[in-house]
Amino acid sequence: MIARRTLLTTTLHWAGASAVLLVLPAPLRRAWAMPSGQEATAFVRQTAQRLTAVVNGSMSIAEKRRAMAQIIDSAVDVDGVGTFCLGRFWRAATPDQQKAYLGLFHEVLVTSITGHLGEYSGVKVTVGRATPSGDTQHVASVVERPNNAPADVEWVISDTSGSPKIVDVIAEGTSLRLTQRSDYASFLSQHGNNVAALISAMRQQVAQNG
Amino acid sequence: MRHPVSTLLLLGSLAGPLLGLLAGCATPPPASDPDALADYKATDDPLEPTNRVFYKINNGLDTYLLRPLALGYRDVVPRPVRNGVHNVLVNLSTPVTLTNDMLEGKPRRAGDTTMRFLINTTLGGLGIFDVATGMGYAAHDADFGISMALWGVPSGPFLFLPILGPSNPRDAIGFGVDNGLLDPFNWLGQGTVVLVLTWSRFPISAIDTRSRLLDEIDQIKKTALDPYATFRSLYRQHRASQIETVRNDNRATVPVWFPQPAHPADDAGH
């Protein structure tokens with residue numbers, strides 16, 4: 001009896017859930033599911049090919065930077081990563097501050113990656129297997145650069161923005177977004193938890209490095 | 001009678017935590033601000049004010065002494081020679097690595113370390129060339145801090161030590177044990193040659209390590225808003241990942257070159 005009732009409720013749940021899924025528009029429907037391992041590895045392989053083609057290509061540095069920024073925009077969930085990095089201060093920030101912060105975060109990300117294009121020439125990425133973790137897939141890879149020991153790099157892929165996007169890169173066991181988040185958190189705690197101070201520091205940083 | 005370097009290192013590793021205890025502690029946020037309190041606990045850096053003082057001192061030493069030395073070393077000494085120096089240093093650390101592989105209870109890793117030592121000391125010309133990596137015996141990390149972590153010893157709060165940099169009580173004690181007790185160079189007899197070799201190994205090793213991190217550290221100092229917090233986070237994540245790598249290395253103990261035991265089904269069938 002109990003078993004039958006459980007079966008019935010489970011069926012009802014599933015029916016209800018499927019109905020909701022069918023009614024939802026496509027982008028939202030996708031947000032419910034995590035990317036499959038195959039989907040995630042294919043995405044990482046494709047992104048890695050695009051990245052290495054730009055880095056090892058024969059374009060001028062300015063052209064390479066532009067191409068790189070395009071890849072970052074299309075392959076990285078920049079807003080999602082930015083929100084994550086601000087942590088609990090995201091809710092404390094005003095809508096204007098949130099907007100200014102995300103704009104600056106995007107610039108900081110692009111300049112910090114494109115600023116080192118020269119050092120990465122001759123890079124080779126070998127994509128490995130995907131391991132599910134929470135609602136993300138961790139895709140393993142080995143990044144080889146001339147005169148450097150091969151590095152283990154994990155790409156964290158999420159579907160929450162509607163299509164597979166990179167939400168974190170874990171290089172030799174260190175997560176870029178966790179490191180960035182602790183940097184911002186510590187800066188904020190040293191500056192009276194004032195998001196405006198963080199925004200002006202980021203603005204200065206972009207002006208110096210950009 | 002212990003050697004001067006090891007005594008110094010042992011003292012250094014113990015002095016850090018003691019100095020920290022004597023000096024200022026961070027004030028925890030009030031209980032009325034649960035988010036800030038949770039952050040404070042997650043950061044686990046109760047000695048932050050003292051740690052930041054040592055970070056500043058070390059950063060000064062690095063900017064005016066170690067980094068210029070490492071830059072000069074990279075510019076003047078050709079890459080093959082630098083690689084040779086690095087390989088020799090790694091080979092000389094075999095006893096410490098091997099002891100910790102065994103203390104971790106990882107026989108396959110101990111076997112890899114032994115094979116590396118035998119191959120690189122002979123075919124690799126006294127450790128100058130790392131031929132073992134190409135033969136399937138890549139270098140790996142093992143130190144007494146990792147060994148203690150696998151035994152369940154907690155890391156304790158974050159510490160930034162003079163000279164040694166980011167650490168915690170477990171890793172500081174681990175460093176002292178590795179360099180003061182486990183390293184057989186401390187047990188060698190005395191005399192000018194031994195003294196010079198022992199004293200020169202530490203600075204050479206420091207310059208070698210620093211020269212391999214030039215671009216990474218420059219990049220962090222340039223992009224981090226709070227480099228101290230970034231180094232703290234990176235150090236912790238890196239140690240946690242090293243520990244997990246060792247913990248998850250559960251390869252079978254029969255090495256590939258050893259005759260594999262026959263499959264039971266084969267025995268029954270023929």
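Note that this is a predicted model, so its numbers are computed, not measured.

Regarding the confidence of the model for chain B
Residue and element names in this part refer to chain B.
Next up, step 1: On average, residues of chain B score 84 in pLDDT, and 85% of them reach the 70 mark or higher.
Next up, step 2: Here helix α12 (residues 264–269) stands out as the least confident element of chain B, with mean pLDDT 43; helix α7 (residues 144–150) is the most confident, with 96.
Next up, step 3: Overall, residues 1–22 carries pLDDT values under 50, and its contacts beyond four positions in sequence, including any with other chains, amount to 32 contacts.
Next up, step 4: Predicted confidence for residues 264–270 stays below pLDDT 50, and this span has one contact to residues more than four positions away or in other chains.

Some points on unusual backbone geometry
Next up, step 1: Of note in this structure, A:Glu172 is not a glycine but carries a positive phi near 50 degrees.
Next up, step 2: Note on placement: A:Glu172 falls in the loop between β4 (165–171) and β5 (174–175).
Next up, step 3: We classify A:Glu172 as partly exposed; its relative accessible area is 39%.
Next up, step 4: Positioned with a positive phi, B:Leu126 is a non-glycine residue whose angle comes to about 55 degrees.
Next up, step 5: A residue is classified by how much of its surface remains accessible, and B:Leu126, at 65% relative accessible area, is exposed.

Here's the deal with the packing of aromatic side chains
Next up, step 1: The tally for this structure, following the rule as stated, stands at nine aromatic pairs over all chains.
Next up, step 2: Ring geometry for B:Tyr55 and B:Phe160: centres 5.3 Å apart, planes at 85 degrees, overall edge-to-face. Here B:Tyr55 is found in helix α3 (residues 48–76), whereas its partner B:Phe160 is found in strand β1 (residues 159–161), with 105 residues between them in sequence.
Next up, step 3: Overall, the relative accessible area of 6% leaves B:Phe160 in the buried class.
Next up, step 4: Ring centres 6.1 Å apart and planes at 80 degrees place the aromatic pair B:Phe158 and B:Tyr228 in the edge-to-face group. Here the residue B:Phe158 occupies a position in the loop between α7 and β1, and B:Tyr228 occupies one in helix α11 (residues 227–247), the gap between them amounting to 70 residues. Accessibility assignment for this pair places B:Phe158 and B:Tyr228 in one class, buried.
Next up, step 5: Here the aromatic cluster, defined as three or more aromatic residues joined through ring pairs, consists of B:Tyr55, B:Phe158, B:Phe160, B:Tyr228 and B:Phe231.
Next up, step 6: Residue placement shows A:Arg177 over the ring face of A:Phe84; its charged tip is 4.2 Å from the ring centre.
Next up, step 7: One Lys or Arg, A:Arg181, reaches over the ring of A:Phe84 and ends 4.4 Å from the middle of that ring.

Reading the values: the criteria
Residues numbered from 1 in each chain as written. Chains lettered and ligands numbered in written order. Predicted model: local features only at pLDDT ≥ 70, side-chain atom pairs only at ≥ 80, totals over all residues. Heavy atoms only, no water. pLDDT = per-residue confidence, 0-100. Helix = DSSP H or I, 4+ residues; strand = E, 2+ residues; numbered from the N terminus. Contact = heavy atoms within 4.5 Å. Buried < 20%, exposed > 50% of the residue type's maximum accessible area, 1.4 Å probe, protein only. Phe/Tyr/Trp six-rings, centres within 6.5 Å; stacked < 30°, edge-to-face > 60°. Lys NZ or Arg CZ within 6 Å of the ring centre and 35° of its normal.

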